[in-house]
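Architecture and fold: a report
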Amino acid sequence: MEQGEQLCEAARSGDLDKLRALIDSGADVSYFDGEGLTPLMHAAKHGHAAVVKTLLDAGAPWNALSPSNFSAGDFAMEASNQEAFDILVNAGIQAELVLGTIARRTNENGNFDGAYLEDRVTFSEDKLMDSDSKAVMMAWEKPLMEAHAKAVCSGGGHILNIGFGMGLVDTAIQQYAPVTHTIVEAHPEVYKRMLHTGWGNKDNVKIIFGRWQDVLSQLESYDGIFFDTYGEYYEDLREFHQHLPILLKPGGIYSFFNGLCGGNAFFHVVYCHLVSLELENLGYSTQLIPLPVKDCLGEEVWEGVKHKYWQLDTYYLPVCQSMQDSE
Ligand SMILES: C[S@@+](CC[C@H](N)C(=O)[O-])C[C@H]1O[C@@H](n2cnc3c(N)ncnc32)[C@H](O)[C@@H]1O
């Protein structure tokens, strides 16, 4: 049997001594067997936590995917192997803190090339699409947007929303009659449509046209902030978070569309941890409220849409607050 196969066999049976000996003799820890599984996936599947740790320490890729798009962490999660799962989550967080490769790759699958804001968009009743038939926003998200609006408007006052899209969250925000409601939107056609549908005539609404990055000096500070852009990277969200101490008033609530790695359950867990950790470092606590979405997401929803950006059964709605407020 070749070394890679022996490694998979040792990982399956939890034979740590054999595994170490194979690694020491140069066996390839990123080997894929005939079924497209790595030794790490086998160890995770069978709950051999020490083997998982040894393989990761030897450089096994935590984020390799099986032919059915399962990572080692997905296998551990599916088999309820908590210890192996925790080790893999930590490995994922550490790797992403340094490299941020997963979120970037997910976006590359979406083929963003920075040109979205210059391209045409198409509006229909149930979606807003970019020129490449990828959904910028879809109506199935309406209950999520209503929940986000409820969270960020819970203290009333002055509300900021970044990214108008189909106006779902803004329509919901209006229901709470905020004192002021500022909307930042960067796409010329979306902006035009906002004006066409009367958003420019609402007494409490202020529209700022431009990329949030370019209009920061026009922003004030707010009691509630929601962030949901398109065609941007995790780094952009992270950069936006750096401005929260100025943009969010004491006692204010911040939330964002949590579509991070929405195509893979385990990567999503890693990113939920990662973003919470990064917000914590900035002084914000994050509560993730689970909302079931399976029922609003039948196959027909994705008809004509090129990239299925969300494939999970539960959405975790982030509610962030300054930790000083909760003391
Ligand atoms: C996913 S949609 C927002 C959906 C919205 N939450 C809703 O409820 O309909 C993203 C929006 O952000 C806009 N956008 C993209 N990049 C932006 C940026 N850098 N600054 C401001 N808006 C941006 C897009 O044009 C798009 O209208």
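Computed from a predicted model, the values in this text were never measured in an experiment.

**Description of the overall build of the protein chain**
- Within the protein chain one finds 15 helices and ten strands.
- In terms of overall size, the protein chain behaves like a compact globule, its C-alpha atoms giving a radius of gyration of 22 Å where 327 residues would be expected to give roughly 20 Å.
- The principal-axis extent of the C-alpha atoms belonging to the protein chain is close to 75 × 50 × 35 Å.
- Looking at the protein chain alone, contacts between residues at least 24 apart form 68% of all its contacts between residues at least 6 apart.
- With the model as given, the accessible surface of the protein chain reaches about 15,200 Å², and the carbon-plus-sulfur share is 49%.
- The distance from the centre of the 22 positive side-chain charges to the centre of the 46 negative ones in the protein chain is 4 Å.

**Focus: the packing of helix 6 (residues 82–98) against helix 14 (residues 265–281)**
- It is the contact of helix 6 with helix 14, at a shortest axis distance of 9 Å, that shows an interaxial angle of 60 degrees. What the angle tells us is that helix 6 and helix 14 run oblique. In the packing of helix 6 onto helix 14, the handedness of the crossing is right-handed. Along its contact with helix 6, which presents F85, L88, V89, G92, I93, E96 and L97, the element helix 14 presents F266, V269, V270, Y271, H273, L274, L277 and E278.
- Along the lines of polarity and charge, the residues of the contact of helix 6 with helix 14 split into eleven nonpolar, two polar and two charged.

**Points about the state of the cysteines**
- This model, assessed by the stated rule, comprises zero disulfides.
- Of all cysteine sulfurs, the one in C272 lies closest to C261, which takes part in no disulfide; the gap is 9.0 Å.
- For C272, a relative accessible area of 7% puts it in the buried group.

**Things to note about the pattern of salt bridges**
- By the definition in use, this model includes twelve salt bridges.
- Across the pair E220 and K206 runs a salt bridge whose closest N-O atoms are separated by 3.9 Å. Residue E220 is found in the loop between helix 11 (212–215) and strand 7 (222–227), and its partner K206 is found in strand 6 (residues 205–209); the two are separated by 14 residues along the sequence.
- For E220, a relative accessible area of 51% gives the class exposed.
- One salt bridge in this structure joins K308 and E299, with 2.8 Å as the shortest N-O distance.
- Its relative accessible area of 29% is what places K308 among the partly exposed residues.
- The class for E299 is exposed, based on a relative accessible area of 56%.
- Members of the salt-bridge network, linked through shared partners, are D132, K134 and K306.

**Here's the deal with the UniProt feature "repeat: ANK" (unreviewed entry) in the protein chain**
- Sequence positions flagged by UniProt for "repeat: ANK" (unreviewed entry) are, in local numbering, residues 35–67.
- Summarising residues 35–67: 48% helix, 0% strand, and an end-to-end C-alpha distance of 8 Å.

**Looking at helix 6**
- Taking 1.5 Å of rise per residue, the 17 residues of helix 6 would be expected to cover 24 Å, and the 25 Å separating its terminal C-alpha atoms lies within 8% of that figure.
- Along helix 6, the residues classified as buried are A84, F85, I87, L88, V89, G92, I93, A95 and E96.

**Details of the sheet that holds strand 3 (residues 135–138)**
- Taken in spatial order, the three strands of this open sheet run 1-2-3, and their pairing is antiparallel. If you trace the sheet from one side to the other, it starts and ends with strand 1 (122–123) and strand 3, each paired once.

**As for the layout of surface pockets**
- In this structure, the second largest pocket spans a volume of roughly 470 Å³.
- Along the wall of the second largest pocket there are 33 residues; nearest its centre are Y116, L117, T229, Y230 and E232.
- Looking at the lining of the second largest pocket residue by residue, the class counts come to 17 nonpolar, ten polar and six charged.

**A short note on the pairing of strand 6**
- Relative to strand 6, strand 5 (residues 180–185) runs parallel, the two sharing five bridges. Paired with I183 across the two strands is I207, which belongs to strand 6.
- Taken together, strand 5, helix 10 (residues 188–196) and strand 6 constitute a β-α-β crossover, and its handedness is right-handed.

**A look at the sheet that holds strand 4 (residues 158–162)**
- Taken in spatial order, the seven strands line up as 6-5-4-7-8-10-9 in an open sheet, and their pairing is mixed. Pairing within the sheet leaves two strands with one partner each, and these edge strands are strand 6 and strand 9 (284–292). The sheet shows a mean angle of 15 degrees between the axes of neighbouring strands, taken without regard to direction.
- Looking at chain direction, strand 8 (residues 248–256) and strand 10 (residues 314–322) are connected through two bridges and run antiparallel. Residue pairing in the sheet places I253 in a bridge with Q321 of strand 10.
- Each of strand 4, strand 7 and strand 8 is contacted by helix 12 (residues 234–242), which is oriented at about 170 degrees to strand 8, the strand it contacts most.

**Observations concerning the packing of helix 2 (residues 16–24) against helix 4 (residues 49–57)**
- It is the contact of helix 2 with helix 4, at a shortest axis distance of 10 Å, that shows an interaxial angle of 10 degrees. The angle between helix 2 and helix 4 falls in the class roughly parallel. Side by side, helix 2 and helix 4 meet where L16, L19, R20 and I23 of the first sit next to A50, V51, T54 and L55 of the second.
- Split into classes, the residues belonging to the contact of helix 2 with helix 4 amount to six nonpolar, one polar and one charged.

Rules of the game
- Every chain is numbered independently, its residues counted from 1 as its sequence is written.
- In keeping with the predicted nature of the model, local features appear solely for residues at pLDDT of at least 70, side-chain atom pairs appear and are counted solely at 80 or more, and the whole-chain, interface and lining totals rest on all residues.
- Calculation of side-chain values draws on the structure's entire complement of heavy atoms; hydrogens and water are dropped beforehand.
- Comment: elements are numbered from the N terminus, with helices defined as DSSP H or I runs of at least four residues and strands as E runs of at least two.
- The globule rule used here is 2.2 Å times the number of residues to the 0.38 power, and the radius of gyration it is set against is calculated over C-alpha atoms.
- Two residues form a contact once any of their heavy atoms are found within 4.5 Å.
- Residue-level accessible areas treat just the shown protein chains as cover; the underlying method is Shrake-Rupley with a 1.4 Å probe.
- Positive charge is attributed to Lys and Arg, negative charge to Asp and Glu, and no charge count is given to His or to the chain ends.
- Charge positions come from single atoms, namely NZ of Lys, CZ of Arg, CG of Asp or CD of Glu.
- Angles run from 0 to 180 degrees between N-to-C directions of axes, and those axes are lines fitted to C-alpha atoms, restricted for helices to the stretch in contact.
- Throughout this description, any angle smaller than 35 degrees is read as roughly parallel, any larger than 145 degrees as roughly antiparallel, any in the 65 to 115 degree range as roughly perpendicular, and the remainder as oblique.
- With the far helix as reference, a near helix turned anticlockwise by less than a right angle produces a left-handed crossing, and one turned clockwise produces a right-handed crossing.
- When residues are sorted by character, Ala, Val, Leu, Ile, Met, Phe, Trp, Tyr, Cys and Pro go into the nonpolar class, Asp, Glu, Lys and Arg into the charged class, and all the rest, Gly among them, into the polar class.
- The definition used for a disulfide is geometric: two cysteine sulfur atoms within 2.5 Å.
- Throughout this description, buried means an accessible area under 20% of the type-specific maximum (1.4 Å probe, protein chains only), exposed means over 50%, and partly exposed covers the range between.
- In what follows, salt bridge is the name for a side-chain nitrogen of Lys or Arg lying within 4 Å of a carboxyl oxygen of Asp or Glu.
- UniProt positions are given in the numbering used here, feature names are shortened, and annotations may be inferred rather than shown by experiment.
- In this analysis, the expected span of each helix is defined as 1.5 Å times one less than the number of residues it contains.
- A strand pair is defined by DSSP finding two or more bridges across the two strands.
- Residues are said to line a cavity or pocket when one of their atoms sits within 4 Å of a point; the points come from a 1 Å grid over protein atoms alone, cavities being sets where a 1.4 Å probe fits but cannot get out and pockets being open sets with protein on both sides within 12 Å along at least five of seven lines.
- Grid points are joined across faces, edges and corners, and a volume is the space filled by probe spheres set on the points.
- Crossover handedness is defined by viewing with both strands directed away from the observer: a clockwise path from the first strand over the helix to the second marks the crossover as right-handed.

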